[in-house]
2 protein chains.
Amino acid sequence: MDPRVREHAEIIVEHSTDIEPGDDVVIDAHPVAEDLVVALHEAVADAGATALAVQERFGKRFRRAYLRSHDGEFTERDFPDHVLALYEAMDVYVGVRSADNATETSDVPPETIRAYDQLTQPLLEERLDKTWCLTQYPSAAFAQLAEMSTEAYEDFVWDAVNRDWGAQRDHQERMVEVLDPASEVRIRSGETTDVTMRLDGMATINDYGEANLPGGEVFTAPVVDSVAGEVLFDKPVYQQGREITDVRLVFEAGEVVEHEAAKNEAVLTEILNTDEGARRLGELGIGMNRSIDRFTYNMLFDEKMGDTVHMAVGRAYDECVGEGNERNDSAVHVDMIVDMSEDSTIEVDGEVVQRDGTFRFEDGFEA
Amino acid sequence: MDPRVREHAEIIVEHSTDIEPGDDVVIDAHPVAEDLVVALHEAVADAGATALAVQERFGKRFRRAYLRSHDGEFTERDFPDHVLALYEAMDVYVGVRSADNATETSDVPPETIRAYDQLTQPLLEERLDKTWCLTQYPSAAFAQLAEMSTEAYEDFVWDAVNRDWGAQRDHQERMVEVLDPASEVRIRSGETTDVTMRLDGMATINDYGEANLPGGEVFTAPVVDSVAGEVLFDKPVYQQGREITDVRLVFEAGEVVEHEAAKNEAVLTEILNTDEGARRLGELGIGMNRSIDRFTYNMLFDEKMGDTVHMAVGRAYDECVGEGNERNDSAVHVDMIVDMSEDSTIEVDGEVVQRDGTFRFEDGFEA
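Residues numbered from 1 in each chain as written. Chains lettered and ligands numbered in written order. Predicted model: local features only at pLDDT ≥ 70, side-chain atom pairs only at ≥ 80, totals over all residues.

> Where do I start with the overall build of chain A in this structure?
Secondary structure assignment for chain A yields eleven helices and 20 strands. The C-alpha atoms of chain A give a radius of gyration of 20 Å, which matches the 21 Å a tight globule of 367 residues would have. Viewed in the frame of its principal axes, chain A has a C-alpha envelope of about 50 × 45 × 45 Å. The buried share among the 367 residues of chain A stands at 51%. Intrachain contacts of chain A at a sequence separation of at least 6 include 73% that bridge at least 24 residues. (Helix = DSSP H or I, 4+ residues; strand = E, 2+ residues; numbered from the N terminus. Rg over C-alpha atoms; globule rule 2.2 N^0.38 Å. Buried ≥ 20, exposed ≤ 12 C-beta atoms within 10 Å, placed from the backbone. Contact = placed C-beta atoms within 7 Å.)

Structural data, given as structure tokens:
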């Protein structure tokens, strides 16, 4: 086994989730990630905890087979009560993204996926209520998605994952100190993006490889009704096995009032129609992980890239939402990225804090 | 996908477990059985039920990694409560035997396996308390174990599995009618096996592909203290990734008082020392599936072979044990086979009912 797999597993167990003796862990992974699941069983045993390997979200052929054989009308009887019982009883959830075909669910009707997501939202709630970590195993299919060789992609993933997370935390804390007390943020890029939102009473979270591995962003939630303006997300979005390109959203009073996409606009429409919360922003994030130096069509990495910001329609994370503020709720959470490397600024309460990707606390910032 | 895989899945769902709308199904399978797990998701959706794929018993690399990293001293904190919660909430359990290496756990200390089996006995209890089916996916590793090519082994497995189970049920029912009302059974083979046991108050079960797929045996449980005599099991036993050959057991008043084996006797000793019930017989079975025409080092098939009987040390099945009778309890259930094709008889209450493999209700029986 590649020694970087065992290092990866130890970071998950010791740093990301801090597994303790007696913890009951669920490892949700595609079969192609078998080596990492083996290494996780070793690390979990070393920590005095227990593990069960499952394919709930990440057994894509299984999900496709189930959904395509279903008539698409989901009722209470279709809810997997046993999975909820498992998630209620577990202490820690580790989700390992991987696949032998990144477009495995591309022939499942989007409305079926949407309906199943709605049905199984209590599973999502339960996972988010526990200590959890979402990470990546570098399979050939994800290398192909990134337009890289498998070996180069393995280097890319493990360089991003197996690193000094304490140092990364300290670097990002400087941006938390800017954003956490802020009232208003304005994101501007070229002629296509100019959006403002309020952050009053919202908390900014420093993501240094805990719930997401790799980490490398700071993120918060906008005040639900405050988002106004337009955004062109110039990086493509992969959803339900389909690539959506050049997503453009126009916001009024927090709601998407216009949307379009160059490719797969129907999938975007399905997402926005999931529920009321799917038409509102649940997250604003700032990518700060400079070891992620290329776009790989994989949100877990892409949203952490330096010189980018991302916004997610749908569900807001609890920890971002201050007491008394409304938390945007939805069955979906779909991140989309804006490139900030050129002709772009982030303004906080009227002051530029990032220009063309460079933060004001970094060398080379032009005031 | 081989069409026989889908046929296999449909037999599991429609015949073996009779899955109903709303049932919550757990599918426990090694990654190499992926095609069958996909087909099961289709068949489960067709039945209006739900499915979760796990590797609890059959993710052998995971089990090995966990057990080898553990110090072997199991306490309450090592019990996987979340797995028990899952099993309590499920309606149907489908276990798919398969592996990419049938000897994957051969370097785990037998005493560690024994201790873990004891710790997790409540999981076994819970599975047996639900509708369950144990079946086989024909991987290359099991073909190798059977000393067959992969393609020939696939034919062997699917010929045994995908068949008319109603006709098989009727054939076996004739032996149930002999054994069910019987008081005493005597099994004799050559100079090496001569054992008697009482069956008063015990039920004989007709296995026609429900809990075991393939099925093809009738089985019962002996009265716990009644077993007396000696048995040479001339077919090898695979346990914990090790081959135990020429097991010889001597019984007095139901208990094993002498044991030996030509190979891996220490593994046999470990099994018998698991607990009190591991030194007693929990099952007597008669193989009646003539489509299983060769020994493949795989108990799920071997015990169903025509011309054989098998006995298991350890746990008795609830359904065999009549009210008021003691059920032999144990953390283990290890089947061992006697070849009955030559110089052998089964006597029931003093009458020969099988000679050299031929039943008295079959052509060619010599009274």
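There is more to say, and it comes next.
> Looking at this structure, I do not really get the sheet that holds strand 15 (residues 281–287) of chain B. What am I missing?
The pairing of strands in a sheet happens through backbone hydrogen bonds and is either parallel or antiparallel. Residue and element names in this part refer to chain B. Reading across the sheet, the five strands line up as 7-9-15-16-17 and stay open at both edges, with antiparallel pairing between neighbours. The open sheet has two free edges, formed respectively by strand 7 (205–207) and strand 17 (333–339), since each of these has just one partner strand. The mean angle between the axes of side-by-side strands here comes to 25°, regardless of whether they run parallel or antiparallel. Note that strand 15 and strand 16 (residues 308–314) share five bridges and pair antiparallel. Bridging across to strand 16, L284 finds its partner in M311. (Pairing = 2+ DSSP bridges. Axes fitted to C-alpha atoms, helices over the stretch in contact; angles between N-to-C directions.)

> Explain the environment of L36 of chain B to me, please; I cannot follow it from the model alone.
Residues and elements named next belong to chain B. Within the fold, L36 resides in helix 2 (residues 34–46). On a C-alpha basis, the gap between L36 and A9 in space is 6.6 Å, while along the polypeptide they are 27 residues apart. Contacts of L36, omitting those with residues within four sequence positions, involve V5, H8, A9, A29, V96 and Y137.

> Explanation requested: the nonpolar core in the structure shown.
Grouped burial of nonpolar side chains is what soluble globular proteins tend to show. In terms of nonpolar packing, the biggest core is built from 125 residues, with L40 and V44 of chain A together with L40 and V44 of chain B touching the most fellow members. Not counting residues up to four positions away in its chain, the partners in contact with V44 of chain A are V13, I19, V25, A49, T50 and A51 of chain A together with Y66 of chain B. (Core = buried A, V, L, I, M, F, W, Y, C linked by C-beta atoms within 7 Å.)

> Got a minute to help me understand the relation of the copies chain B and chain A in this structure?
Superposition of the two copies of the chain requires a rotation about an axis and a shift along the axis. Mapping chain B onto chain A calls for a rotation angle of 180° and an axial translation of 0.0 Å; the resulting RMSD is 0.0 Å. In symmetry terms, the pair is related by a two-fold rotation axis. The position closest to the rotation axis in chain B is occupied by the C-alpha of V54 of chain B, lying 2.0 Å away. Looking at chain B, 100% of its interface residues are interface residues in chain A too, so the copies touch through the same face. (Least-squares fit on C-alpha atoms with pLDDT ≥ 70 in both.)

> For this particular structure, what's the right way to read the interface of chain B and chain A?
Interface size is commonly expressed as the accessible surface area that is lost when the partners come together. Of the residues lining the interface, 39 residues belong to chain B; the matching set on chain A comes to 39 residues. Residue assignment for the side of chain B that touches chain A shows that the elements contributing at least two residues are strand 1 (24–29), helix 2, strand 2 (50–55), helix 3 (60–69) and helix 4 (81–89) of chain B. In terms of residue count, the dominant contributor to the side of chain B that touches chain A is helix 2 of chain B (eight residues). Looking at the side of chain B that touches chain A residue by residue, the classes come out as 20 nonpolar, nine polar and ten charged. (Nonpolar A, V, L, I, M, F, W, Y, C, P; charged D, E, K, R; others polar.)

> Help me understand the sheet that holds strand 14 (residues 255–260) of chain A, please; the structure alone is not making it clear to me.
Residue and element names in this part refer to chain A. Reading across from one edge, 14-13-10-6-5-18-19-20 is the order of the eight strands in this open sheet, with antiparallel pairing throughout. A strand with exactly one partner marks an edge of an open sheet, and here the two such strands are strand 14 and strand 20 (358–359). In this sheet, strand 6 (residues 193–198) lies alongside strand 5 (residues 184–189) in antiparallel orientation, the contact comprising six bridges. Counted as the bridge partner of V185 is M197 from strand 6.

> Which parts of the structure should I look at to understand the domain arrangement of chain A?
Residue and element names in this part refer to chain A. The domains assigned to chain A are domain 1 (3–161) and domain 2 (165–359). Facing 28 residues of domain 1, the contacting portion of domain 2 comprises 25 residues. The set of elements that each furnish at least two residues to the side of domain 1 that touches domain 2 consists of helix 1 (3–16), helix 5 (110–119), strand 4 (131–136), helix 7 (140–145) and helix 8 (150–161). In terms of residue class, the side of domain 1 that touches domain 2 is made up of 13 nonpolar, nine polar and six charged. (Domains from an automatic or database assignment.)

> What should I look at first to understand helix 2 of chain B in this one?
Every α-helix winds through 3.6 residues per turn, so residues three or four apart in the chain are directed the same way. The end-to-end C-alpha distance of helix 2 of chain B is 19 Å, a good match for the 18 Å that 13 residues give at a rise of 1.5 Å each. Among the residues of helix 2 of chain B, E34, L36, V37, V38, A39, L40, H41, E42, A43, V44 and A45 of chain B are the ones counted as buried. In this structure, the buried residues of helix 2 of chain B make contact with helix 3 (60–69) of chain A together with helix 1 (3–16), strand 1, strand 2 and strand 3 (92–97) of chain B. Just past helix 2 of chain B, the residue G48 of chain B takes up positive phi, approximately 80°. (Expected span 1.5 Å × (residues − 1).)

> Would you explain the environment of A99 of chain B in this entry?
All names here are of chain B. Its place among the elements puts A99 in the loop between strand 3 and helix 5 (110–119). For A99, a count of 23 C-beta atoms within 10 Å corresponds to the buried category. Separated by 85 residues in the primary sequence, A99 and E14 place their C-alpha atoms 25 Å from one another. With near-sequence residues (within four places) excluded, A99 lies in contact with H30, V32, K60, E104, S139, A141 and F142.

> Where do I start with the packing of helix 1 of chain B against helix 2 of chain B in this structure?
Geometry of a packed helix pair, given as the angle between the helix axes and the separation of the axes. Residue and element names in this part refer to chain B. Viewed as axis vectors pointing N to C, helix 1 and helix 2 meet at an angle of 50°, and their least axial separation amounts to 8 Å. Here helix 1 is positioned oblique relative to helix 2, judged by the angle of their axes. As helix 1 runs across helix 2, the sense of the crossing is right-handed. Along the contact surface, helix 1 presents V5, R6, H8, A9, E10, I12 and V13, while helix 2 presents D35, L36, A39, L40, E42, A43 and V44. (Parallel < 35°, antiparallel > 145°, perpendicular 65-115°, else oblique. Left-handed = near helix turned anticlockwise from the far one by under 90°.)

> Before we go on, may I ask you to explain the pairing of strand 15 (residues 281–287) of chain A in this structure?
Remark: a regular strand shows side chains that alternate across the two faces of the sheet. All names here are of chain A. With seven of seven residues buried, strand 15 is to be regarded as a mostly interior element. In this sheet, strand 15 lies alongside strand 9 (residues 217–220) in antiparallel orientation, the contact comprising four bridges. Counterpart to T220 in the pairing with strand 15 is L284.

> Just to check I follow, could you spell out the packing of helix 4 of chain B against helix 6 (residues 121–129) of chain B for this structure?
All names here are of chain B. At a minimum axis separation of 9 Å, helix 4 and helix 6 run at an interaxial angle of 10°. Taken together, helix 4 and helix 6 sit at an angle that is classed as roughly parallel. Between helix 4, through V83, L84, Y87 and E88, and helix 6, the contact on the second element is made entirely by P122, L123, E126 and R127. Here the residues of the contact of helix 4 with helix 6 sort into five nonpolar, no polar and three charged.

> In this structure, what is going on with the confidence of the model for chain A? I would like to understand it.
Segments scoring low in pLDDT should not have their predicted coordinates read at a detailed level. Mean pLDDT for chain A: 95, with 99% of residues reaching 70 or above. Interface confidence for the predicted complex, given as ipTM, is 0.85, next to a pTM of 0.86. (pLDDT = per-residue confidence, 0-100.)

> Teacher, can you tell me more about unusual backbone geometry here?
Working note: non-glycine residues mostly have negative phi, and peptide bonds are mostly trans. Residue P214 of chain A follows L213 of chain A across a cis peptide bond; omega there is 5°. Structurally, P214 of chain A is set in the loop between strand 8 (212–213) and strand 9. Backbone geometry places D343 of chain A, a non-glycine residue, at a positive phi of 45°. Tracing the backbone shows D343 of chain A in the loop between strand 17 (333–339) and strand 18 (344–348). C-beta crowding within 10 Å serves as the criterion here: with 11 such atoms nearby, D343 of chain A is assigned to the exposed category. Unusually for a residue other than glycine, N264 of chain B sits at a positive phi of about 60°.

> Even after reading the chapter, I still don't get helix 9 (residues 165–179) of chain A, so can you show me in this structure?
Residue and element names in this part refer to chain A. Between its first and last C-alpha atoms helix 9 spans 21 Å; for 15 residues at 1.5 Å apiece the expected length is 21 Å, and the two agree. Where helix 9 bends most, at E173, the angle is about 30°. Restricting attention to buried positions, one finds in helix 9 the residues Q168, Q172, M175, V178 and L179. Contact partners of the buried residues in helix 9: strand 7 (205–207), strand 9, strand 15, strand 18, strand 19 (351–355) and strand 20. (Bend = angle between axes of the 7 residues up to and from the residue.)

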